[in-house]
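# Analysis of the macromolecular model
For reference, the chains in residue letters:
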Amino acid sequence: MRINVAEQLKQPIGQVRCYQISESNDQELPIQGEVQLLRTGRGILVTGSLKTTVKSICSRCLEEFDCTLTLDIEEEYFPNTDRPMAEEIEGFVIDESHVLDLTEAIRQHTLLTLPMKPICREDCAGLCPNCGHNLNRGPCYCARETRESGK
Ligand SMILES: [Zn+2]
Ligand SMILES: [Zn+2]
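Just so we're clear, the structure is a prediction, and the values are computed from it rather than from any experiment.

Here is what the cut-offs are and how they apply
Residues numbered from 1 in each chain as written. Chains lettered and ligands numbered in written order. Predicted model: local features only at pLDDT ≥ 70, side-chain atom pairs only at ≥ 80, totals over all residues. Heavy atoms only, no water. Helix = DSSP H or I, 4+ residues; strand = E, 2+ residues; numbered from the N terminus. Buried < 20%, exposed > 50% of the residue type's maximum accessible area, 1.4 Å probe, protein only. Contact = heavy atoms within 4.5 Å. Donors = N, O, S within 2.8 Å, 3.2 Å for Na, K, Ca; no water. Tetrahedral: all angles 85-135°; square planar, octahedral: opposite > 155°, others 65-115°. Phe/Tyr/Trp six-rings, centres within 6.5 Å; stacked < 30°, edge-to-face > 60°. Salt bridge = Lys/Arg side-chain N within 4 Å of Asp/Glu carboxyl O. Pairing = 2+ DSSP bridges. Axes fitted to C-alpha atoms, helices over the stretch in contact; angles between N-to-C directions. Core = buried A, V, L, I, M, F, W, Y, C linked by side-chain atoms within 4.5 Å. pLDDT = per-residue confidence, 0-100.

## Examining the overall build of the protein chain
Counting its secondary structure elements, the protein chain contains three helices and seven strands. Secondary structure elements of the protein chain, listed N to C terminal, follow the sequence β-α-β-β-β-β-β-β-α-α. Burial analysis of the protein chain (151 residues in total) assigns 34% to the buried set. Once local pairs closer than 6 in sequence are excluded, the contacts in the protein chain between residues at least 24 apart make up 47%.

As structure tokens, then:
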């Protein structure tokens, strides 16, 4: 997710460019969506909404599933050359070859967006507290016994 912004840095403040992002390879998380790059007085403001999918473990049934996250990105990037003082900068840096790299921002937003208790689906039945059977795959013997003894 590297965007060359050499051209845009020469543009007047307020100029906007849109980029479609659609990446999926083995090294990085699959990412899809659109970002807007806004030329600001100091650098470039990146905003956008991106979708990614991470492997998660369901907190109810303990099965692995693909958890889709929506990342609402809003980060300002500053050119490496005219940054006043490193400590004053809150945000990301555009490198010497004018490449704005979204990878780190996406990584951070992914961590922030990860649910504390992911569930594979809204109606996940979870595990039987008695025998640990995954109830998404059907009832277990405990359920059958309770039903029979309840008669
Ligand atoms: Zn589940
Ligand atoms: Zn059971």
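Read on for the rest.
## A look at the coordination of the zinc ion (ligand 2)
Here the zinc ion (ligand 2) is held by Cys128 (SG), Cys131 (SG), Cys140 (SG) and Cys142 (SG), and the distances to it run 2.3 Å. Around the zinc ion (ligand 2), the four donor atoms are arranged such that angles at the metal cover 107 to 113 degrees; this shape is classified as tetrahedral. Sequence spacing among the residues donating to the zinc ion (ligand 2) works out to C-x2-C-x8-C-x1-C. Accessibility assignment for this pair places cysteine 140 and cysteine 142 in one class, buried.

## A short note on the packing of aromatic side chains
Each aromatic ring pair is specified by the distance between its two centres and by the angle formed by the two planes. One pass over the structure, following the stated rule, counts one aromatic pair. On the numbers, 5.2 Å between centres and 25 degrees between planes, the contact of tyrosine 77 with phenylalanine 92 is stacked. With tyrosine 77 in strand 5 (residues 64-79) and phenylalanine 92 in strand 6 (residues 92-94), this pair connects stretches of sequence that are 15 residues apart. On the basis of relative accessible area, tyrosine 77 is assigned to the buried category, the value being 0%.

## Section: the coordination of the zinc ion (ligand 1)
The protein atoms that coordinate the zinc ion (ligand 1) are Cys58 (SG), Cys61 (SG), Cys120 (SG) and Cys124 (SG), at distances of 2.3 to 2.4 Å. One can describe the site at the zinc ion (ligand 1) as tetrahedral: its four donor atoms subtend angles covering 104 to 113 degrees at the metal. Look at where the donors of the zinc ion (ligand 1) fall in the sequence and you get C-x2-C-x58-C-x3-C. On the criterion of sequence distance, the pair formed by cysteine 58 in the loop between strand 4 (44-57) and strand 5 and cysteine 120 in the loop between helix 2 (103-113) and helix 3 (141-149) is long-range, its members being 62 residues apart.

## Describing the pattern of salt bridges
All chains considered together, the criterion is met by seven salt bridges. A salt bridge links glutamate 76 to arginine 42; its shortest N-O distance comes to 3.3 Å. On the criterion of sequence distance, the pair formed by glutamate 76 in strand 5 and arginine 42 in the loop between strand 3 (31-39) and strand 4 is long-range, its members being 34 residues apart. Between aspartate 123 and arginine 121 there is a salt bridge, with the nearest N and O atoms lying 2.9 Å from each other. Overall, aspartate 123 belongs to the exposed group, its relative accessible area being 56%. Classification of arginine 121 by relative accessible area gives partly exposed; the value is 40%.

## With respect to the sheet that holds strand 5
One open sheet holds the five strands; their spatial order is 2-3-4-5-6, and the pairing between them is mixed. The outermost strands of the open sheet, each flanked by one partner alone, are strand 2 (16-23) and strand 6. Neighbour-to-neighbour, the strand axes of this sheet turn through a mean angle of 30 degrees, independent of strand direction. Where strand 3 meets strand 4, nine bridges bridge the pair, whose relative direction is antiparallel.

## Description of the nonpolar core
Counting residues in hydrophobic clusters, the biggest one holds 27 residues, and the most contacted among them are Val46, Leu100 and Leu102. Looking at this core, the elements that each hand over two or more residues are strand 3, strand 4, strand 5, strand 6 and helix 2. The greatest single-element share of this core, amounting to six residues, is contributed by strand 5.

## Some remarks on the confidence of the model for the protein chain
Looking at the protein chain as a whole, its pLDDT mean stands at 88, while 85% of the residues score no less than 70. For the protein chain, the element scoring lowest by mean pLDDT is helix 3, at 65; strand 3 scores highest, at 96.

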